[in-house]
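Reading the structure
Chain by chain, the residues:
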Amino acid sequence: MHRKNSAGQIISHIVIIILLFLSLYPLILMLIKSVKTIDQEIHHGFALTFPFNWSNYSLAWKYVSGYILNTFLISILNTVGILLATSTMAYGFTRYDFRGKNALFMAVLALTMIPGILTLIPQFCMVKNFNMINTRLGVILPTIAGALPMGVLLLRTFFNGLPGGLFEAASLDGANSFEMFFMIAVPLSVPILATLGLTSFLGSWNDLIWPQLILRRDNLQTITIAMTSFTTNYYNTTHSYAVPMAGYVIVSAPLLILFAFTSKQFIAGLTSGAFKM
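These notes cover the structure that comes with them.

A few points about the overall build of the protein
Along the backbone of the protein there are 12 helices and zero strands. Dimensions along the principal axes, computed over C-alpha positions, put the protein at roughly 75 × 65 × 35 Å. By sequence separation, contacts in the protein at least 24 residues apart represent 71% of the contacts at least 6 residues apart. Here the protein displays about 16500 Å² of accessible surface, and carbon together with sulfur accounts for 71% of that area. If you average the places of the 15 positive and of the 8 negative side-chain charges in the protein, the two averages end up 9 Å apart.

This is the structure:
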């Protein structure tokens, strides 16, 4: 039994190491390429070369700086909208009884079974009919609506686990529904709200397809759209990915900083039982 366990552990460790290498290698390669000159990139594309060409970062910053604010604004509004909409909706399903509640929740739950790509064309037609092409609302509102089913499912599961006695005591003390939501439910739900907020922010920051369909004007485009075209144009001109890779490092930095400050709450949300069905 001990030998079987040891062999299983060795195989598990080997598999984990291989998967970890496959995950980290693209990041390491991005860092290596981001400090190469064009000549180093062409002749030694995968090797570490010296001296490092740090000027790539200043060139990349001149290009990406104008798009980071657009991306940050859209991501923040998406995240705040998703948290407000999903938390209030999940709280209503948890704390109130009304006719058709279960049927309505099952309808919301059924939406999680539909791949988002299937609704892309009708969603675009709806945005176009509302004259929201080339507007930030055209990106934000459909994103919030698309996040409702899964967000409501996760938060409703979490809210159901909150002690009912707290709400009963608050009601006896004269607290209204808004006070119970903001003073009891929200503070106790910080881990899962942080988890949902972080995943929503990351999804908005990295989204490419939907902003590319809606935002046609250059001054409204997000960083993913800008970096896609910049990478293609720069490579076609120089046959090098050095400066675009520096740009990718720059636009990845805010996400790493955000995760560094929210990782504790993120892990707490994952391990708090919020994902148990």
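Considerations on the side chain of Asn70
Residue position: Asn70 is located in helix α3 (residues 55–95). Of note is the side chain of Asn70, whose polar atom sits 2.7 Å from the backbone oxygen of Asn219. Setting aside chain neighbours within four positions, we find Asn70 in contact with Arg136, Asn219, Leu220 and Gln221.

Some remarks on the packing of α3 against helix α11 (residues 223–238)
To describe two helices that pack against each other, one gives the angle between their axes and the distance between the axes. It is at 8 Å that the axes of α3 and α11 come closest, and there the two elements cross at 155°. Here α3 is positioned roughly antiparallel relative to α11, judged by the angle of their axes. Where α3 approaches α11, its residues Tyr63, Val64, Tyr67, Ile68 and Thr71 are matched on the opposing element by Ile223, Ala226, Met227, Ser229 and Phe230. Split into classes, the residues belonging to the contact of α3 with α11 amount to eight nonpolar, two polar and no charged.

Re the side chain of Thr238
Here Thr238 is to be found in helix α11. Assessed through its relative accessible area of 16%, Thr238 is described here as buried.

Concerning unusual backbone geometry
That bond from Phe50 to Pro51 is cis: its omega, -5°, falls within 30 degrees of zero. Within the secondary structure, Pro51 sits in the loop between α2 (38–43) and α3.

Notes on the environment of Ile133
Note on placement: Ile133 falls in the loop between α5 (120–129) and α6 (136–160). Those residues in contact with Ile133 that lie beyond four places of it in its chain are Phe124, Val127, Lys128, Ile214 and Arg216.

What counts as what
Residues numbered from 1 in each chain as written. Predicted model: local features only at pLDDT ≥ 70, side-chain atom pairs only at ≥ 80, totals over all residues. Heavy atoms only, no water. Helix = DSSP H or I, 4+ residues; strand = E, 2+ residues; numbered from the N terminus. Contact = heavy atoms within 4.5 Å. Areas by Shrake-Rupley, 256 points an atom, 1.4 Å probe, with all protein chains shown as cover. Lys, Arg positive; Asp, Glu negative; His and termini not counted. Charge placed at Lys NZ, Arg CZ, Asp CG, Glu CD. Polar contact = N/O pair within 3.5 Å; in protein donor to acceptor, adjacent residues only side chain to side chain. Axes fitted to C-alpha atoms, helices over the stretch in contact; angles between N-to-C directions. Parallel < 35°, antiparallel > 145°, perpendicular 65-115°, else oblique. Nonpolar A, V, L, I, M, F, W, Y, C, P; charged D, E, K, R; others polar. Buried < 20%, exposed > 50% of the residue type's maximum accessible area, 1.4 Å probe, protein only.

Purely spatial values, then, with no claim about function.
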